[in-house]
Each structure stands twice: as C-alpha cells, then as structure tokens.
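Listed below are the residues making up each chain.
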Amino acid sequence: MTRIQDNQKGPNLTSISSTSSEIWQDEVGRPVVTRDDRGRFLCPWENVELPSVKTIFSKVNARARNSTALKPEDEIEKKKFLPTVELSSKLRAKWEDCDDSINIRWLGHATCLVRLPGGFTLLTDPVFSKNCGPYQMGMPRYVAAASKVEDLPPIDAVLISNDHYDHLDLNSLREFHKRDLLTDRGRYFIPLGTKNFLLKKIRGLKAEKLTEMEWWQHEELFSRDRTLDDGMHGGMSTEKKKLVVTCAPAQNWCGRGPRDKNVRLWCTWAVRVSSFTNEDTTVGNFFFAGSTGMPRDFPLFKIIGLELGPFDLSAIPIGMNAPEEVVSSYNCSTEEAVNMHIQLKSRFSCGILWGTWALANERYYEPVFRMKSCLERRMLSICRDFFVLKHGDVGCIPVRDENAQISSKISERFSSNEITTLHPIFAYPQGKH
C-alpha cells in the first residue's frame, strides 16, 4: 500500500486553500486523517458540527418512521414512477461491454455495479437487506435491491465508504463472503478502523482480503492479459491494464451505536485504470462519493479533482439532505452535489442516495426535481451531464484515448447525445401531496 507523494502528481494546492493548519493539512494543502485526544477520528476543517446519534435518530428519522407521505402510496405508484429494470440478456451484454466505456448499474441507494476498461468490476456500499438498521429492525426499503447477492458477477473490488447501516450491511457482506464472489485478485477496500470490526463480525473472512486505508493511500491491482483484435491490421494484440484504488477524504462521521462514534474512518474512493505499459495513460477514472457533506470553508472537492481527477464518471449523492440543519454536515444538498460534479472535474455523474429508503425528511421524488432545476440553471443536462438511472438500469460512459479524443469506434457506439432517457419520475404530479 502506498501513499501518494507530493511530487507524484498535481499542482501546488496550497493556493486554493482558504484555511490553513499545520495539524490537519500536509505541505500542499491536502487534509490528512486527524484524531482527537481519545483517538477518535475528526472532520478537521472548520465550521463543522456533527450531530449526535441521538439527534439523528430523533429528528431525521421521526417523520420517516411515522409517515407514509415520503414514499410511494402503493405498488401502482411505485411501478409507475420508480420502476425496476430486470437484467435481461441484452442489458447484461451492454453492462459487460467495457472495452471503450465505464458502465454503471444502479442497484439502489449507494449500491452500484461498475464495469471498467480492462474488465475490472466494482461493487460500491453493498446493501441488499430489506431493512436498514441494527439487527435488521430499522426502516424497510420501499424499492427492493435491483439484484440479489447470488446474482452478482465476480467482483474485483468492494468499496465501502463508511460504517452507517445504509452503507455497511453485515448480512449482505456475510452472504457475499459465503458465496465467494471476490475474484482471486479481489479485495474489500475499507476505511481505517474497519478491518477488525469486519473480522469479528464475518466468520471465515480472511484478513488478506481486507485492504484498510487512510486518506490519500492507494493500492494497485493488475488485470489479466487480454488478447484483442487490433481492428486495423487483421492481427491480434495483448494488453494489460492496471487498477489503482485511492482512498480520498469525505465530510462525514461514523458510528453504529451510542458507544462507537468515530472509532472508524469515513472516505470517498477514486478508481483509475491505466495502461500497464504507460502509467500516464488513464483509460478510465471513476469517483465514488458514498455519503458526504461539502465543506463551506474548505475546497475539499477541488483538491480531490486536482489531485485525482479529472473523472470520467462520478457517483454523487443527491438525496437524504433534509432537514438541512441536521444533515448538512454529512449529506450534501442537491445544489452542492452539482457543485461537487463541477469541482471534481467530472465529465459525467450519476445521482445516488435517493428513491430507496425513507431515511430523511423528504418525499421520494424531491431530490431529482431539485437536481433537475439546479442543472438547468447551470445549463447542464439531466440525461447526460448529471443523470439518474432507474433501479437496475445501466448507464455507459464513453472513455477517451491517450490523446483525450473520442475514437471513431466509440463515437459510433455512443452516437446518442444522452447517457440515459428521462427518468419516469419526472412525470410525477408534484402538487399531489
């Protein structure tokens, strides 16, 4: 495991930092992991007040537990406005074809299947359980996961962003481990402090399959040799690609009960595919934001964009941001999500953390309507620049060659001006409730 060195990449970042601290910033202005005097992790930048677990459960979830107005009224409404796309053979083939694209299949909330050039397959924040909470007694989801664990393909990297129940589900991880769905080279990539927790909770899980990381550390995986038709001279060529997984900062907190607040770290993830023979040639770059707030007085995502971007595709949370006075410290607003897309230098982004659980004080359709309005003000497209998928559907993102150009082969495949069609949720009559 390696930590990104200051001389490896990127400009001097100090000039874009509006705050400074010898304790929690390195020489070029990047935030580093910080602990308090009890050894618990901190969000080190200024003006961040994290709510207590009691406040979150009492204020954020009270209405969600006691009201049906936040979710579809019945199955008819759900199927009309929140349909789930079944994985047909045609859709499977679309998702698996990744030689010239990054393909994402949204399974619900923060759970995504991502297929990268080189044949790498990622699974983000795998949660397939019906309920979200301790002992499976929490809030039931109103849209089932778009896949069962047993139907997942072999996975090279499982990315976990934090230990909250809607991002780290032990039942799902136990089932995943039981079915041995990691490839031989596969790893669980987890934030610092999570390894011992998982080893205690998941029987038979091997420590060598867990890669525990702190901010700015990265790990490399290599693809298998692949024999390809070169398409030009009638011959065959062999290629090998490298996957680089980097743990990046987030604004969040952790805890699964009243006694373990911030004993485990939280993070975002940057995943880059490069040519094995030319490390400077990026053939695909993906960012997973998980769940994060956006600092108001520190340019966190500008730093990530400069250090690890630009990104071909980012998965960014757009929902679970009400009431703002409680959740803004760890869940960005919809406007901030659009700003994050821009600051990360992301060519395309997919909205996550909506339409699955009533975990915040918002109706299920509100995040996407807010997002559409924000994008229109920025003259961005809801079907292309920053899109939302139906549960189970696939979005394919064209990647650029080493000359930062879209090849003629890719242009032919991606002739449409849109990544996806307009989500049926936009037909919802907003004045209904």
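Since we're looking at a predicted model, the values are computed, not measured.

Trainee: Please clarify how the packing of aromatic side chains should be interpreted in this entry.
Mentor: Note on aromatic pairs: each is described by the distance of the centres and the angle between the planes. Tallied over the entire structure, the rule returns 16 aromatic pairs. With 6.1 Å between their ring centres and 85° between their planes, tyrosine 365 and phenylalanine 369 make a pair best called edge-to-face. When sorted by exposure, tyrosine 365 lands in the same class as phenylalanine 369, which is buried. The residue whose ring lies beneath arginine 30 is tryptophan 216, and the NZ or CZ to ring-centre distance is 5.4 Å. In this structure, lysine 372 is placed above the aromatic ring of phenylalanine 426, and the distance from its NZ or CZ to the ring centre is 6.0 Å.

Trainee: Can you help me understand the environment of valine 326 in this one?
Mentor: Mapped onto the fold, valine 326 is located in helix α7 (residues 324-327). Judged by its relative accessible area of 8%, valine 326 falls in the buried class. Through-space distance from the C-alpha of valine 326 to that of serine 52 is 9.6 Å; in sequence the pair is 274 residues apart.

Trainee: I tried to follow helix α8 (residues 334-343) on my own but got confused; where do I start?
Mentor: Every α-helix carries 3.6 residues per turn, so stepping three or four residues along brings you back to the same face. Judged by how many residues are buried, α8 sits mostly within the fold: seven of 10 residues are covered. For α8, the full list of buried residues reads Thr334, Glu336, Ala337, Val338, Asn339, Met340 and His341. If you follow the buried residues of α8, they end up packed against α6 (300-308), β16 (311-317), β17 (346-352), α9 (366-377) and β18 (386-387). Lysine 345, located one to two residues past α8, shows a positive phi value of around 60°.

Trainee: Would you explain the pattern of salt bridges in this entry?
Mentor: Opposite charge on two side chains permits pairing when their charged atoms draw close. All chains considered together, the criterion is met by 18 salt bridges. Among the ionic pairs, glutamate 324 bridges to arginine 296, the shortest N-O distance being 3.7 Å. Placement of the pair is glutamate 324 in helix α7 and arginine 296 in the loop between β15 (282-288) and α6, with a sequence separation of 28 residues. We note a salt bridge from glutamate 335 to arginine 377, for which the minimum N-O separation is 2.8 Å.

Trainee: In this structure, what is going on with the nonpolar core? I would like to understand it.
Mentor: Soluble, globular proteins show a tendency: their nonpolar side chains are buried together. The biggest cluster of nonpolar side chains holds 95 residues, and the ones touching the most others in it are Leu116 and Ile304. Residues within four places of leucine 116 in sequence aside, it is in contact with Cys98, Ser101, Ile102, Leu122, Leu243, Val271, Val273 and Phe286. Core analysis: the second largest hydrophobic core is formed by 28 residues, Trp95, Leu107, Ile160 and Val394 among them.

Trainee: Hey, could you run me through α9 in this one?
Mentor: Under the 1.5 Å per step criterion, the end-to-end length of α9 is 17 Å for 12 residues, consistent within 8% with the ideal 16 Å. Residues of α9 that are buried: Pro367, Val368, Phe369, Met371, Cys374 and Leu375. Looking at the buried positions of α9, the neighbouring elements they touch are α8 and β18. At the exit of α9 stands methionine 379, carrying a positive phi of roughly 60°.

Trainee: For this particular structure, what's the right way to read the side chain of threonine 356?
Mentor: For threonine 356, the position within the fold is in the loop between β17 and α9. With relative accessibility at 0%, the residue threonine 356 sits in the buried group. Residues within four places of threonine 356 in sequence aside, it is in contact with Trp106, Gly108, His109, Arg141, Tyr142, Val143 and His391.

Trainee: I would appreciate a short explanation of the sheet that holds strand β7 (residues 155-159) in the present structure.
Mentor: Across the sheet, which stays open at both edges, the seven strands sit in the order β9-β8-β7-β4-β3-β2-β19 with mixed pairing between neighbours. The open sheet has two edge strands, β9 (210-213) and β19 (394-398), and neither has a second partner. Across the sheet, the mean angle separating the axes of adjacent strands is 20° when strand polarity is ignored. Bridge count between strand β3 (residues 111-116) and strand β4 (residues 120-124): five bridges; the pairing is antiparallel. Its bridge partner lying in β4, arginine 115 is registered against threonine 121.

Trainee: Looking at this structure, I do not really get the confidence of the model for the protein chain. What am I missing?
Mentor: Atom-level detail of predicted coordinates should not be read off regions where pLDDT is low. In this model, the protein chain carries an average pLDDT of 86, and 81% of its residues clear a pLDDT of 70 or more. Below a pLDDT of 50 lies the segment residues 6-22, which in the model reaches 38 contacts outside its immediate sequence neighbourhood of four places, other chains included. When the criterion is pLDDT under 50, residues 406-415 qualifies, and its contacts beyond four places in sequence or with other chains add up to 20 contacts.

Trainee: Please explain empty space enclosed by the protein as it appears in this structure.
Mentor: Vacant regions in the atomic arrangement are exposed by a probe of water-molecule size rolled over the atoms. All told, the structure shown has two cavities of 30 Å³ or more when counted by the stated rule. Size it by volume and the largest cavity reaches roughly 90 Å³. Looking at the largest cavity, it is lined by 16 residues, and the ones nearest its centre are Tyr142, Trp354, Gly355, Trp357 and Glu362. Looking at the lining of the largest cavity residue by residue, the classes come out as 11 nonpolar, three polar and two charged. Roughly 70 Å³ of internal volume is contained in the second largest cavity.

So, how was this worked out
Residues numbered from 1 in each chain as written. Predicted model: local features only at pLDDT ≥ 70, side-chain atom pairs only at ≥ 80, totals over all residues. Heavy atoms only, no water. Phe/Tyr/Trp six-rings, centres within 6.5 Å; stacked < 30°, edge-to-face > 60°. Buried < 20%, exposed > 50% of the residue type's maximum accessible area, 1.4 Å probe, protein only. Lys NZ or Arg CZ within 6 Å of the ring centre and 35° of its normal. Helix = DSSP H or I, 4+ residues; strand = E, 2+ residues; numbered from the N terminus. Contact = heavy atoms within 4.5 Å. Salt bridge = Lys/Arg side-chain N within 4 Å of Asp/Glu carboxyl O. Core = buried A, V, L, I, M, F, W, Y, C linked by side-chain atoms within 4.5 Å. Expected span 1.5 Å × (residues − 1). Pairing = 2+ DSSP bridges. Axes fitted to C-alpha atoms, helices over the stretch in contact; angles between N-to-C directions. pLDDT = per-residue confidence, 0-100. 1 Å grid on protein atoms, 1.4 Å probe; cavity = no way out; pocket = protein on both sides within 12 Å on 5 of 7 lines; lining within 4 Å. Points joined across faces, edges and corners; volume = space filled by probe spheres on them. Nonpolar A, V, L, I, M, F, W, Y, C, P; charged D, E, K, R; others polar.

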